[in-house]
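So you can see what is in the structure, the chains are spelled out below.
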Amino acid sequence: MSLRKLFAVVPALMVALFLGAPPAKADPVHTGHIEVELVSQEAGVAPGSTVYVALSQKIQSGWHTYWRNPGDAGDATRIVWTLPAGWTAGDIVWPTPEKSRVGPLLDFAYTGDVLLPVPISVPANAQVGSVVTLKAAAAFLVCEQVCVPEDAVVTLTLPVVAGMPGTDPKWGAKVAETLAKAPKPAGLKAVFQLQGSVLKLAVTGAPLKGADVSGAFFYPYSGKAIEHPPEQAIERGPEGLTLSLTPGYDFTQAEQKPTELSGVLALNGVAYEVTATPGTIPAEAGGLGAPPAAPAKARGTANSADGGASLGLPLAVAFAFLGGLILNLMPCVFPILSMKAASLTAHAHDAGKTRVQGLAFLVGVVVTFLALAGLLIAVRAGGAAVGWGFQLQSPAVVAGLALLMLLVALNMSGVFEVGASVQNAASGAGAGGDGVAGSFLTGALAVLVAAPCTAPFMAGALGYALTQPPLLSLAVFLGLALGFAAPFVLLAFIPGLLGRLPRPGPWMDVLKKGLAFPMYATAAWLAWVFSQQTGPIPLAMIFAAAVLIAFAAWLYGLAQARGALGKSQVAPLVIALVSLAGVIALVWVAARGEPQVTPLHDERPPASSAAGPGLAAEAWSPEKVKALQAQGKVVMVDFTADWCVTCKVNEGTALKGQRLVDAFKAHDAVLLRADWTKRDATIAAALAEHGRAGVPLYLVYPKGSGEPVVLPQLLTEGLVIEAIEKAAKG
């Protein structure tokens, strides 16, 4: 070694050995919405080694950047390196992203503080004692409601040292943690299979055996492999899981179909890189149904009985029974009371027939409740995020119920007869029928229309039921059915109460026809719900169907009258059947375009969600709640649906009025509305998080931060104002 080289190397060696390597040096750059910095896992680099250098992003609250596959919109962060000769940079180690819903789109994004580590290879001939500067030009797309392209050029100075360099005191542990949590291969076996319009992805392996796979989600590396917004239904298996995905352009339109499907499988805080190949879905990746819903967290103090996660089976059944009793007093059940009243007065002084009617009504309620519960459990087992009242999220079902209620009302008005009243359908009055079929039908219709509402105690019981195995769930629903049917059944079996009713007479026919009008109102309400789900053109078709079905009912009544006079019934019956065929066609056309799953929280603009004069509700999202809390605002969330009568009653009374408007203004409060009229997986998940299976649900969040207080299902203006005032105090 020459004397000149010796004098150059010795001082650097002395510094490295006795004083330690000079610290890595970097200066942060502010791009507008991000503070960007280049940081290192280690305080120096050794020749021939690899060091992880990370691009640090401190993203402004409410804004986000994007993953390698940004999802439906956005652009991934890009880095262009300027390195010394012989130094090379590898690929970004991407942390698992977050799901970000923006309207109908689903993006894969990062918020808050993010590190994107990159391996930097140091050449073996790097000179110990020298100092090198690494430079990176980073380009971001940073978005809130709007997106702004931003860029930064950042540098990092590192010393080249002999031996193993020490960990950077500020960033070393953070970079190491990011690398440890980043998705990695774990020996998982993955296959995919296109089954009609569903792309099945099965993943099996030791890390998934017996694992909790609830919340599992597949982030594809390709932006065209799958449709991102639809829910990914999960089916458990003894060795892994199967996800049901919606195939994207690569599978549906590309000339050459993919030979592999790569991405990240994330579940419960861990994530794995998987690469699937075409194949048959193995049996060990399924067969155990969907994972149970996550246990509800403790929320607030008000109405604590509604939290279902901590309930045992006996208490859940008891709560369900009480909830069923109270459900009889909810506004959504009022129209059905007319059917019960008409049935009761028909045989009030015939104890035998009244008891038979009571038992038939009980059977109708129990069978319908358990049928709906069984269907709900089956649908949820398939991975769909639905809750109690799901039947009224289908426009076809709503349209059918609206027309059925119209037929019931026309029957009670005397347009046609299927017995002495709708309650003894299928048994002629002249034959002295006991009304068994009609009472069963009454119970079934009462459940179909009333079930979407929830009552105090009922909500917690349902929240418990939907986290349990099927048999335990059905036991809770049986308790609910018994509670709902109990008042009518007890009335039918207690002679002292029946004896107080007036003797049968002509007044009964007048009462029956008068009680038809709540049924007309129910039909009109269901038609309005249908219009909210579909729009004006399908509504016009349902109106046309209503006219046709009323015409068919009148023709049927005319045929009955002609038959009583000994005349031919063929012509009116044929025309009635043709009219009914037209009704079926209209309903099918009106409802066939219904969206099965919609990712929108509220398709209408916020201004249309006014709860009352001067008090407007904005569309809800979990991110919006956090952002408003961070701004120091009190937040009230109204989980509602157009088919929930109790919700609409609360909106027209407790959530309306100048006192409430003044209270919201005085305490800087904001009302958000989560509209569940159509299926929405995000809203369903939020309901489940709070131990609920249906609406209404009312949450009041304090300003700044903190968990919400859950309000009762039946609100008063004073109760809401009191909750807002308490939340404003923090």
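Residues numbered from 1 in each chain as written. Predicted model: local features only at pLDDT ≥ 70, side-chain atom pairs only at ≥ 80, totals over all residues. Heavy atoms only, no water.

Some points on the overall build of the chain
Under the convention used in this document: Only DSSP runs of H or I reaching four residues or more are called helices, and only runs of E reaching two or more are called strands; each is numbered from the N terminus. Per-residue accessibility, obtained with a 1.4 Å probe over protein chains only, is compared with the maximum for each type, and a residue is labelled buried under 20%, exposed over 50%, and partly exposed between these values. A contact between two residues is defined here by any heavy atoms of the two lying within 4.5 Å. Methods summary: accessible areas were calculated by the Shrake-Rupley approach with a probe of 1.4 Å, and residue burial reflects only the protein chains presented.
The helix and strand inventory of the chain stands at 20 helices and 26 strands. Across the 730 residues that make up the chain, the buried fraction comes to 49%. A sequence separation of at least 24 residues applies to 75% of the contacts in the chain between residues at least 6 apart. Of the roughly 31,200 Å² of accessible surface on the chain, 63% is carried by carbon and sulfur atoms.

As for the packing of aromatic side chains
How we decide: Two rings from Phe, Tyr or Trp (for Trp, the six-membered ring) form a pair when their centres sit within 6.5 Å of each other. Planes less than 30 degrees apart are called stacked, planes more than 60 degrees apart edge-to-face, and all others tilted.
Following the criterion strictly, the structure yields 10 aromatic pairs and no others. Judged by centre distance (5.0 Å) and plane angle (80°), the ring pair of F108 and Y219 falls under edge-to-face. In this pair, F108 is assigned in strand β9 (residues 105-110) and Y219 in strand β15 (residues 217-220), connecting sequence segments 111 residues apart. The burial state of F108 is the same as that of Y219; both residues are buried. With centroids separated by 5.6 Å and ring planes inclined at 50°, the aromatic side chains of F517 and Y520 adopt a geometry described as tilted. Pair noted here: F517 and Y520 are both in helix α13 (residues 516-534), with a separation of three residues, about one helical turn.

Examining the pattern of salt bridges
Under the convention used in this document: A carboxyl oxygen of Asp or Glu within 4 Å of a side-chain nitrogen of Lys or Arg is what we treat as a salt bridge.
One pass over the full model with this rule turns up nine salt bridges. Among the ionic pairs, R673 bridges to E651, the shortest N-O distance being 3.9 Å. Here the residue R673 occupies a position in strand β24 (residues 669-675), and E651 occupies one in helix α17 (residues 645-652), the gap between them amounting to 22 residues. Ionic pairing is found between R659 and E717, a salt bridge with its closest N-O pair at 3.1 Å. On the criterion of sequence distance, the pair formed by R659 in helix α18 (residues 658-666) and E717 in helix α20 (residues 717-728) is long-range, its members being 58 residues apart. For R659, a relative accessible area of 51% puts it in the exposed group. A single salt-bridge network, built from bridges that share partners, covers D638, E651 and R673.

Comments concerning the environment of G187
Tracing the sequence through the fold places G187 in the loop between α2 (172-181) and β13 (189-195). By relative accessible area, which is 70% here, G187 ends up exposed. Residues G187 and T204, spaced 17 residues apart in sequence, show a C-alpha to C-alpha distance of 9.1 Å.

Details of the nonpolar core
The criterion, for reference: For this analysis, a nonpolar core means a set of buried residues of the types Ala, Val, Leu, Ile, Met, Phe, Trp, Tyr and Cys, connected via side-chain atoms within 4.5 Å.
Among the nonpolar cores identified, the biggest contains 43 residues, and W620, M636, V637, F639, F664 and V720 are the most heavily contacted of them. It is α20 that provides the largest number of residues to this core, a total of six residues. In this view, F664 contacts L615, M636, A669, V670, L671, V720 and I724; residues no more than four positions away in its chain are not counted.

Let's talk about the environment of V661
Inspection of the secondary structure puts V661 in helix α18. For V661, a relative accessible area of 5% puts it in the buried group.

Some points on the sheet that holds β24
Put simply, the rule reads: Only strands that DSSP links by at least two bridges are regarded as paired with each other.
Here we have five strands laid out as an open sheet, ordered β22-β24-β23-β25-β26, and mixed in their pairing. Single-partner strands in this sheet number two, and they are β22 (618-619) and β26 (709-711). As paired strands, strand β23 (residues 634-640) and β24 are joined by seven bridges and run parallel to one another. When the bridges of β24 are listed, V637 appears paired with L672.

Here we look at the packing of α18 against α20
Rules: Note on geometry: axes are C-alpha line fits, over the in-contact stretch for helices, and angles between N-to-C directions span 0 to 180 degrees. Angle categories are assigned with fixed cut-offs, so that under 35 degrees is roughly parallel, over 145 is roughly antiparallel, 65 to 115 is roughly perpendicular, and the rest are oblique. Throughout, the ten residues Ala, Val, Leu, Ile, Met, Phe, Trp, Tyr, Cys and Pro are labelled nonpolar, Asp, Glu, Lys and Arg are labelled charged, and all others, Gly among them, are labelled polar.
Relative to each other, α18 and α20 sit at 5°, their axes nearing to 10 Å. With respect to each other, α18 and α20 are oriented roughly parallel. Contacts between α18 and α20 involve R659, L660, A663 and F664 from the former and E717, V720, I721 and I724 from the latter. In terms of residue class, the contact of α18 with α20 is built from six nonpolar, no polar and two charged.

What to know about helix α19 (residues 681-689)
Within α19, the full set of buried residues consists of T682, I683, A684, A686 and L687. Positive backbone phi, approximately 75°, marks G691, located one or two places after α19.

Side note on the confidence of the model for the chain
Heads up, the rule is: Looking at any residue, its pLDDT shows the predictor's confidence there, from 0 to 100.
Averaged over all residues, the pLDDT of the chain is 76; the fraction at 70 or higher stands at 71%. In this model residues 419-434 is a low-confidence stretch, pLDDT under 50, and it forms 40 contacts with partners more than four residues away in sequence or in other chains. Throughout residues 593-613 the model reports pLDDT below 50, and contacts reaching past four residues in sequence, or to other chains, amount to 49 contacts.

Here we look at the pairing of strand β5 (residues 65-71)
Extensive coverage of β5 is indicated by the burial of six of its seven residues. Note: β5 against β9, three bridges, orientation antiparallel. Within the sheet, the bridge partner assigned to Y66 lies in β9 and is A109.

With respect to the sheet that holds strand β16 (residues 233-236)
As summarised here, the arrangement of the seven strands in space is β15-β18-β19-β13-β14-β17-β16, forming an open sheet in which the pairing is mixed. Looking at the sheet topology across the chains shown, the edges are occupied by β15 and β16. For this sheet, the mean inter-axis angle between neighbouring strands, taken without regard to orientation, is 30°. Bridge count for β13 against strand β19 (residues 270-278) is two bridges, and the pairing is parallel. Along β19, the bridge assignment pairs F192 with P278.

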